[in-house]
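Architecture at a glance
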Amino acid sequence: MNKASLVVYTALTILAFMYFLPFWSVLTTALKSDIEVRMTIPIVPPSNPTTTPLLKAFELMKQGLVNSLLFTSFATIFSSLIGSVNGFMLSKVKFKHSDTVFLALSVGIFIPYHAVVIPLITVTSKAGIYNSILGMTIVHTTYGIPICTLFFKNFFDELPESILNAARIDGAGDFTIYKRIALPLSWPAFIITGVFQFTSIWNDFLFGVVLTKGSNQPASVVLANLLGTTAAEWNVQMAGTFIYALPVVAVYLLLGKYLIRGYLAGAIKG
Amino acid sequence: MGSHSLNPLAIILIASLATAFFFIYGLIGWNMLLSFTKSMGLITSYELAGLAQYVKAGSDAVFHVSLKNNLMLITLFIPGSIGLGLLLAVLLDIAGGKGEALYRTIYLLPFSLSFVITASMWAWMYNYSYGVINTLLTALLGRAFQINWLGDPNVALYSVILALIWQFSGYTSLVFLAGIKSVPESQINAAKIDGASTLQLYTKIIIPQLKPWILSAFVVLMVFALKAFDFIYVLTNGGPGVSTYVLALLMFRRAFFETDFPYGAALATILFTMVISVVVPYLLLSSRREEK
């Protein structure tokens, strides 16, 4: 290794330690007893690792985790399917002003949800879905439509017309072409959209805190409450942080390259 | 579309777009309308009251603090994230291969996580008595160098910004790295033949070509700097005092803690207007660029 690359790798390694330090400190603290949290530095690993904080945090967050898992899974599936159809229609079928429609829809990716939450309470209450898993599923599916449509439109834009034209000549309609050709070919777009939606919906806080109460709250809100109330029990709080982060970290480590493609497609965090 | 225009796909498209547009534009319009009415708290009235709620914002001291703090995010968080992102991208690009992939995975991890998670991590990092940063400062420099990261109203906003740069610089480095990879190999080789040093290669040839990538990252960061909410809500809840209030947090507290919906609606409208005046020109610009 020459001198220049030694400098580069040293810099990268020091920075990597600094980026990783908060994660490390969560991990070590989550495995320490109450006394050890106060007696030791947070970067030192526990001398007597205990699972008590993890079990305690899991007990407190169980219901929230189940809630999050339910509406996150359903809304991920529904918004991806709708995005697939819309992306196909806006890319391959097109109609008058379809580009304008797409542009107007794209604005929805960037809007601050603060600008819709107050009327959203009225709408979900009137529809009888306020404070329910169904309501959270519908809300997340709907606000996911712009970004999912974008992902699939980008994908289908790259798909050569010639692949579809052969079928068109044979007299196949749009629905047949979608079902037989576009849908099976678009599995990479489903993975990109799926991991992106799963992580963003799982990570959401605002809709959860405004539209749910008590036992219907998602894990993000339950954790935020836990952080706010038990000011002293840092090990339980860090254990809760670890548990709530785990599914997204797993997705990131296993399917990171698809998540990266989602981030690069002009995506933005809510 | 031909005679087969009312196929199931068209029905899904129309129904889903109608729903999405109602939830986006319909509710934004509804929220705006609410801000111009005489509603009191939870009681909705559609009798118009003009700009009363906006006048109220003008005389709300916390509104001014919040705007100033959003401006601080824009002036410190954006250049910080872009600068650090550029540094990381260049280092990663020089490293290349397996090193690049491994380190990129570490730097980008914070960005994939919920703001509730990262806020919780930093609440612990910044803890005055037991947190990592102060225990390290004490060990290295002595007790006198401890900083009250979240408890000192003159420091707390900088602590928030520092942690946000940590969370977003992996993302900006990812965007810039993609930009660096798009610079044609031939240009890089030509510069090398001309005897350019590595530093010159990046500062003279590569970084000047990253402008569109920097613009796209800038828009993402700008939108975030305007609508930042969950991270600050969990980390400081606007405190100490009102020193870390931002617009979205003020809106949330006025609307949902004090149940002043019309005022919350007005603050949300102001927030929306600011975001949209950044996003729409950018979207128009990039759609025009695509047509060329």
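Residues numbered from 1 in each chain as written. Chains lettered and ligands numbered in written order. Predicted model: local features only at pLDDT ≥ 70, side-chain atom pairs only at ≥ 80, totals over all residues.

**Topic: the overall build of chain A**
A count of helical and extended segments in chain A gives twelve helices and zero strands. When the helices and strands of chain A are read in sequence order from the N terminus, they spell out α-α-α-α-α-α-α-α-α-α-α-α. With the C-alpha coordinates aligned to their principal axes, the bounding extent of chain A is approximately 75 × 65 × 30 Å. Looking at chain A as a whole, 50% of its 270 residues qualify as buried. Pairs at least 24 residues apart make up 77% of the contacts formed inside chain A by residues separated by at least 6 positions. (Helix = DSSP H or I, 4+ residues; strand = E, 2+ residues; numbered from the N terminus. Buried ≥ 20, exposed ≤ 12 C-beta atoms within 10 Å, placed from the backbone. Contact = placed C-beta atoms within 7 Å.)

**What about the overall build of chain B?**
Counting its regular elements, chain B contains 13 helices and zero strands. For chain B, the α and β elements follow one another from N to C terminus as α-α-α-α-α-α-α-α-α-α-α-α-α. Along the first, second and third principal axes, the C-alpha set of chain B runs to 75 × 75 × 35 Å.

**Focus: the interface of chain B and chain A**
Of the residues lining the interface, 74 residues belong to chain B; the matching set on chain A comes to 73 residues. The greatest single-element share of the side of chain B that touches chain A, amounting to 15 residues, is contributed by helix H1 (residues 8–35) of chain B. A breakdown of the residues in the side of chain B that touches chain A according to their chemical character gives 56 nonpolar, 16 polar and two charged. (Nonpolar A, V, L, I, M, F, W, Y, C, P; charged D, E, K, R; others polar.)

**Section: the domain arrangement of chain A**
Residues and elements named next belong to chain A. When its domains are assigned, chain A resolves into domain 1 (1–50) and domain 2 (51–264). The centre of domain 1, based on its C-alpha atoms, is set 32 Å off from the matching centre of domain 2. Put simply, the parts of the chain that give the side of domain 1 that touches domain 2 at least two residues each are helix H1 (3–30) and helix H2 (34–39). Per-element tally for the side of domain 1 that touches domain 2: the top contributor is H1, with four residues. (Domains from an automatic or database assignment.)

**A closer look at the environment of Ile-78 of chain B**
All names here are of chain B. You can see Ile-78 is positioned in helix H3 (residues 61–95). Judged by the 21 C-beta atoms lying within 10 Å of it, Ile-78 falls in the buried class. Along the sequence, Ile-78 and Ala-225 sit 147 residues apart, while their C-alpha atoms lie 7.7 Å from each other.

**Quick word on the packing of H3 of chain B against helix H7 (residues 156–181) of chain B**
Residue and element names in this part refer to chain B. Contact pair H3 / H7: the axes reach a minimum separation of 6 Å and the direction vectors enclose 45 degrees. Taken together, the axes of H3 and H7 lie oblique to each other. Taken as a pair, H3 and H7 cross one another with a handedness that is right-handed. In the contact of H3 with H7, the residues fall into 18 nonpolar, seven polar and one charged. (Axes fitted to C-alpha atoms, helices over the stretch in contact; angles between N-to-C directions. Parallel < 35°, antiparallel > 145°, perpendicular 65-115°, else oblique. Left-handed = near helix turned anticlockwise from the far one by under 90°.)

**Focus: helix H10 (residues 211–227) of chain B**
Since the α-helix turns once every 3.6 residues, residues separated by three or four places project in the same direction. Between its first and last C-alpha, H10 of chain B extends 24 Å over 17 residues, near the 24 Å set by a 1.5 Å rise per residue. All of the buried residues in H10 of chain B are Trp-213, Ala-217, Val-219, Val-220, Leu-221, Val-223, Phe-224, Ala-225, Leu-226 and Lys-227 of chain B. (Expected span 1.5 Å × (residues − 1).)

**A closer look at unusual backbone geometry**
Of note, the bond from Gly-239 of chain B into Pro-240 of chain B is cis; its omega dihedral lies within 30 degrees of zero at -5 degrees. Unlike most non-glycine residues, His-97 of chain A shows phi in positive territory, near 65 degrees. Mapped onto the elements of the fold, His-97 of chain A is located in the loop between helix H3 (52–93) and helix H4 (98–110).

**Comments concerning helix H8 (residues 185–193) of chain B**
Of all nine residues in H8 of chain B, zero are buried; the element is thus mostly exposed. Positive backbone phi, at 85 degrees, marks Gly-195 of chain B, one or two positions downstream of H8 of chain B.

**Things to note about the environment of Leu-91 of chain B**
Structurally, Leu-91 of chain B can be placed in helix H3. The class of Leu-91 of chain B is buried, set by 20 C-beta atoms lying within 10 Å. For the pair formed by Leu-91 of chain B and Tyr-103 of chain B, sequence separation is twelve residues and the distance between their alpha carbons is 9.9 Å. Other than its neighbours up to four places away in sequence, Leu-91 of chain B contacts Val-8, Ala-11 and Leu-12 of chain A.

**A closer look at the nonpolar core**
Leu-267 and Leu-271 of chain B are the most contacted members of the largest nonpolar core, which totals 173 residues. Here this core gathers at least three residues from each of two domains, domain 1 (1–50) and domain 2 (51–264) of chain A. Among all residues touching Leu-267 of chain B, those that are not within four sequence positions of it are Ala-57, Leu-247, Leu-250, Met-251 and Arg-254 of chain B. (Core = buried A, V, L, I, M, F, W, Y, C linked by C-beta atoms within 7 Å.)

**Description of the packing of H3 of chain A against helix H11 (residues 219–229) of chain A**
A pair of packed helices is captured by two measures, namely the crossing angle of their axes and the spacing between those axes. All names here are of chain A. One can describe the packing of H3 onto H11 by two numbers: an axis separation of 7 Å at closest approach and a directional angle of 155 degrees. The angle between the axes of H3 and H11 places the two elements in the roughly antiparallel class. Residue-level contacts link Leu-60, Met-61, Gly-64, Leu-65 and Ser-68 of H3 to Ala-219, Val-221, Val-222, Leu-223 and Leu-226 of H11. Partitioning the contact of H3 with H11 into residue classes produces eight nonpolar, two polar and no charged.

**Section: the confidence of the model for chain B**
The predicted model of chain B averages 92 in pLDDT, with 95% of residues at 70 or higher. In the predicted complex, the global pTM is 0.94; the interface-specific ipTM is 0.94. (pLDDT = per-residue confidence, 0-100.)

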